Amino acid sequence: MIDVQDLVKTFGSHRAVDGVSFQVNRGEVLGFLGPNGAGKSTTMRVITGFLPPDGGTVRVGGHDVRSDSLRARELVGYLPESSPTYPEMTVEEFLRFMAEARGFLGADVSRRVDRVVEQTSLGDVRRQIIETLSKGYRQRTCLAQALIHDPPVLILDEPTDGLDPNQKHEVRDLIRAMSAEKTIILSTHILEEMEAVCTRAVVIAKGKIRLDGTPSQLAAQSRWHQAVTFLAAQDDGGKWKEPLQALKDVDSVAYRPAGAAGPAAYTVFPAKGAVIQHQVGEFLREKKIAIDQLFVERGRMDEVFRGVTVED
Amino acid sequence: MTTENKSAEKKPKKSAENKSAGKESASLRATVTRWVGILEDRLNRSEQYRHLMPILKRELFSYFRSPVAYVFIVVFLMATTGAAWYLGDFFQSNEAGLEIFFFFHPWLYLFLIPAVGMRLWSEERRGGTIELLLTLPVSLLTAVLAKFLAAWLFVGVALFLTFPWVITVYVLGSPDLGVMVTGYLGSFLMAGAYLAVASFTSALTKNQVISFITSFMVCLLLVLLGWGVLGETLTSLFPVWLVDFITGMGFTTHFDGIRRGLVEFSDLVYFFSIITVLLLATVIVLENRKAN
């Protein structure tokens, strides 16, 4: 549905996007991850037809965003980063305007407005002036306009930014509910969000793609992936560090003495790609070490994120 | 694009028919094809019109939603009336006509029209709504035109509200209706040219104050070019054809005739060209710097 080939976008001498290629199909939710200024928003703006590409080709539903821009735009619903709206209008007026400007007429407009108001739970504030609404409602109003034409493609630039946890949850549920029949690209800083809604994660830094995989593949890049952490019943001063280190496939061991953060804890990191929970379990039984809890780490996204984006 | 394709398909058919059937039916077919083409063209245009009207409506609506619109209308009425009354000494002139009233319009529009037009694109940029507007399946030209027309209509409303002047001169004497009508149309047309300048400068910046000052300066230049005093000074320095060319670029040169009821085709062409050129310039500016 979305086909980006060698996309280049420069601002003056600065290459904001530098040879980015990827495809997104129906049913996929692609999460863009990256530091501020990495080129996420710029890439999204090119796909929506707001900015023309300087190099490469971008197609939406087979329509080139440069030569067949209007057709491509018809397929796209877009939530810009700052979720802009016309503040002097009411929610209803604004949504009606967006529907009419997209070329819908008469009863169809009302039907569409009703649908998106329902979808984004804006019923309570429908007749209020947008200026008087909280950030969360304004965000959802802008999200509602992105859905007004029931587009096959959704481009959401930080859809949950500035929302409270409940609202975040609602928006994620909405995205998940729509994901089956749409092609969705969203950008986020929140790694748990990536795991919660995305089927695919693309890490972008300095205008280039650093990583492209499923969120779990991304997590697998972490040092913490498959690491085993156990909480010792007694603070033993870290005397098992050395023996644990000697086990097969163990890369390193970290010990945290009991304190404000909780009871004494060991974390055993595996060599890359190894699974060590059995060795560790056996070791604990053998040495008769009393533990309160033992769990296998899934991998920490923020650490992968830093590793991938800070290196140079 | 679709019309091009279809008319291209139809042409070979038409020529094939020409050979087999009689000439009469061929010409009938040609006529039908031509009308179908025109109809398709109309529909295509209404396709853009369907997008243009909502944008125009919203823009106009946003003027009246804010108190600024009403303040503007009051200032507009006071300025146009005050200038004619006090500066123009309307009463003493002993003339039942609006010539004096219109005389000051090029000068008053210098600050009135940029005040209306300064927000056209600056505000869309500052509020980020430009991203919504320009990712709609609407051509940039349509969007520029829609917003321009809305602002122009708004100025038209303000201008219309000066109608008590017409009543006044009717009460005082027997004015020439034709001259008054051309005066109004000319003033409206000139306001369009000022607005096109404002549309262009507002596309250049997020800052409405900068937008206002720049369009004021550009409009001032265009007014001064047609100012008699400048013309006289230039005549002593440059050849006549050059002076004519320079003064011919000015607003007042073309408005003076219309104000007196003399509509020349070249004056209309002048104002419409200014509008067209500056709106196209607005499109180009937005195309190139909508991001920053």
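Residues numbered from 1 in each chain as written. Chains lettered and ligands numbered in written order. Predicted model: local features only at pLDDT ≥ 70, side-chain atom pairs only at ≥ 80, totals over all residues. Heavy atoms only, no water.

As for the overall build of chain A
How we decide: Helix and strand assignments follow DSSP, with helices taken as H or I runs no shorter than four residues and strands as E runs no shorter than two, numbered in order from the N terminus. Here's how the labels work: a residue is buried when its accessible area is under 20% of the maximum for its type, exposed when over 50%, partly exposed in between, all with a 1.4 Å probe on protein chains only. In this description, contact between two residues means that some pair of their heavy atoms is separated by no more than 4.5 Å.
Counting its regular elements, chain A contains 11 helices and 14 strands. Along the longest, intermediate and shortest principal axes, the C-alpha atoms of chain A span 75 × 45 × 35 Å. Scored against the burial criterion, the 312 residues of chain A give a buried share of 53%. For chain A, long-range pairs separated by at least 24 residues make up 66% of all intrachain contacts whose partners lie at least 6 apart in sequence.

Points about the confidence of the model for chain B
Residue and element names in this part refer to chain B. Using the following cut-off: Every residue is assigned a pLDDT by the predictor, reflecting its confidence on a scale from 0 to 100.
In this model, chain B carries a mean pLDDT of 82, and residues with pLDDT of at least 70 account for 88%. The weakest mean pLDDT in chain B belongs to helix α1 (residues 2-20) at 44; the strongest belongs to helix α9 (residues 140-160) at 93. The ipTM value of the predicted complex is 0.80, and its pTM value is 0.81.

Let's talk about the pairing of strand β1 (residues 2-11) of chain A
Residues and elements named next belong to chain A. Quick reminder of the rule: A pair of strands counts as paired when DSSP detects no fewer than two bridges linking them.
Pairing geometry for β1 and strand β4 (residues 55-60), over 5 bridges, is antiparallel. The residue of β4 that forms the bridge with Asp3 is Arg59. Here β1 pairs with strand β2 (residues 14-24) via 8 bridges, running antiparallel. Across the sheet, Phe11 pairs through a bridge with His14, a residue of β2. As consecutive antiparallel partners, β1 and β2 are separated by 2 residues, and within that stretch Gly12 has a phi angle of approximately 65°, a positive value.

Topic: the pattern of salt bridges
Quick reminder of the rule: A carboxyl oxygen of Asp or Glu within 4 Å of a side-chain nitrogen of Lys or Arg is what we treat as a salt bridge.
With the rule as written, the count across this model stands at 24 salt bridges over all chains. Between Lys57(B) and Glu100(A) there is a salt bridge; the shortest N-O distance is 3.6 Å. Separated into two different chains, Lys57(B) in helix α2 (residues 23-65) and Glu100(A) in helix α3 (residues 91-101) make up a pair that spans both. Overall, the relative accessible area of 47% leaves Lys57(B) in the partly exposed class. A salt bridge links Arg172(A) to Glu193(A), with the nearest nitrogen and oxygen atoms 2.9 Å apart. Pair noted here: Arg172(A) is in helix α6 (residues 165-178) and Glu193(A) is in helix α7 (residues 191-197), with a separation of 21 residues, a long-range link.

Structural notes on the interface of chain A and chain B
The test is simple: When two parts are brought into contact, each loses some accessible area as probed by a 1.4 Å sphere; the total of that loss over both is the buried area. Under this definition, polar contacts are N or O atom pairs within 3.5 Å; protein pairs additionally need one hydrogen-donor-capable and one acceptor-capable atom, and for neighbouring residues in sequence, both atoms have to be side-chain atoms.
Counting residues at the interface gives 30 residues for chain A and 27 residues for chain B. With both chains or domains summed, chain A and chain B bury close to 2,600 Å², and 63% of this area falls on carbon and sulfur atoms. A per-residue breakdown of the area chain A buries against chain B is headed by Phe50(A), Tyr86(A) and Glu88(A), which together make up 25% of the total. Put simply, chain A and chain B have 4 salt bridges between them. At the junction of chain A with chain B, the criterion picks out 11 residue pairs in polar contact (both at pLDDT 80 or more).

Section: the sheet that holds β4(A)
Residue and element names in this part refer to chain A. For clarity, the cut-off: To get an axis, a line is fitted to the C-alpha atoms, and for a helix only the part in contact is used. The angle between two axes follows their N-to-C directions and goes from 0 to 180 degrees.
Read from one edge to the other, the open sheet built from 4 strands follows the order β2-β1-β4-β5, with strand pairing classed as antiparallel. Looking at strand neighbours, the two that pair on one side only are β2 and β5 (63-64), the edges of this open sheet. As paired strands, β4 and β5 are joined by 2 bridges and run antiparallel to one another. Bridged to Arg59 within β5 is Asp64. Helix α1 (residues 40-47) contacts β1, β2 and β4 of the sheet and is inclined by roughly 120° relative to β1.

Structural notes on the sheet that holds strand β6 (residues 76-79) of chain A
Residue and element names in this part refer to chain A. Across the sheet, which stays open at both edges, the 6 strands sit in the order β6-β7-β8-β3-β9-β10 with mixed pairing between neighbours. The sheet terminates laterally at β6 and β10 (208-213), the two strands that pair on one side only. On average, adjacent strands in this sheet sit at an angle of 15° to one another, irrespective of strand direction. Two strands pair when backbone bridges link them, and strand β3 (residues 29-33) and strand β8 (residues 183-188) are joined in this way by 5 bridges, in the parallel orientation. The residue of β8 that forms the bridge with Leu30 is Ile185. Along the sheet, helix α5 (residues 135-147) makes contact with β6 and β7 (153-157), crossing β6 at roughly 170°.

Re the environment of Met118(B)
Residue and element names in this part refer to chain B. Turning to its location among the elements, Met118 is positioned in the loop between α6 (105-117) and α7 (119-127). Along the sequence, Met118 and Val75 sit 43 residues apart, while their C-alpha atoms lie 16 Å from each other. Setting aside residues up to four positions removed in sequence, Met118 forms contacts with Ala198, Ser202, Gln208, Ser211 and Phe212.

Topic: helix α12 (residues 208-225) of chain B
Residues and elements named next belong to chain B. Cut-off, in case you're wondering: What a helix should span is 1.5 Å times the count of its residues minus one. As used here, the arc belongs to the directions running from the helix axis to the C-beta atoms.
Here α12 contains 18 residues, and its C-alpha end-to-end distance of 26 Å stays within 8% of the 26 Å for a straight helix at 1.5 Å per residue. For α12, every residue scored as buried is listed here: Gln208, Ser211, Ser215, Cys219, Leu222, Val223 and Leu225. Angularly, the buried residues of α12 cover 160° about the axis, an arc narrow enough to put them on a single face. Pointing more than 90 degrees away from the buried face of α12 are the exposed residues Val209 and Leu221. Two to three positions downstream of the cap, the backbone nitrogen of Val209 sits 2.8 Å from a side-chain oxygen, assigning the N-cap of α12 to Asn207.

Focus on the packing of helix α11 (residues 177-204) of chain B against helix α15 (residues 251-259) of chain B
All names here are of chain B. Formally: Oblique is the label for any angle not covered by the other classes, which are roughly parallel (under 35 degrees), roughly antiparallel (over 145) and roughly perpendicular (65 to 115). All residues other than Ala, Val, Leu, Ile, Met, Phe, Trp, Tyr, Cys, Pro, Asp, Glu, Lys and Arg, Gly among them, are scored as polar; the first ten of these are nonpolar and the last four charged.
At their nearest, the axes of α11 and α15 sit 8 Å apart, and the two run at 160° to each other. On the basis of their axis angle, the class for α11 and α15 is roughly antiparallel. The segment α11 lies against α15, with Val179, Thr182, Gly183, Gly186, Ser187, Met190, Ala193 and Tyr194 engaging Phe251, Phe255, Ile258 and Arg259. Its residues assigned to classes, the contact of α11 with α15 comprises 7 nonpolar, 4 polar and 1 charged.

Quick word on the nonpolar core
Heads up, the condition is: As used in this record, nonpolar core signifies buried Ala, Val, Leu, Ile, Met, Phe, Trp, Tyr and Cys residues forming a set joined through side-chain atoms within 4.5 Å.
Formed by 147 residues in total, the largest nonpolar core has its most connected members in Ile185(A), Trp121(B) and Phe251(B). For this core, the element with the most residues is α9(B), which contributes 12 residues. With residues near it in sequence (within four places) discarded, Ile185(A) still touches Ile2(A), Phe22(A), Val24(A), Leu30(A), Phe32(A), Met44(A), Ile47(A), Leu154(A), Ile155(A) and Leu156(A). Grouped together as the second largest cluster of nonpolar side chains are 16 residues, Ala232(A), Val253(A), Tyr255(A) and Tyr266(A) included.

Digging into a nonpolar patch on the surface
Residues and elements named next belong to chain B. Short version of the rule: Patch membership requires more than 30% relative accessible area and the absence of a salt bridge. Residues of like charge join within 9 Å; the nonpolar side chains Val, Leu, Ile, Met, Phe, Trp and Tyr join within 5 Å. Only the protein chains shown count as cover for residues, and all accessible areas are computed by the Shrake-Rupley method using a 1.4 Å probe.
On the surface, a cluster of nonpolar side chains totalling about 1,100 Å² of accessible area is made up of Trp85, Tyr86, Phe91, Val157, Phe160, Leu161, Phe163, Ile167, Val171 and Leu172. Those elements that place two or more of their residues in the nonpolar patch are α3 (67-87), α9 and α10 (164-172). Here Ile167 shows up in helix α10.

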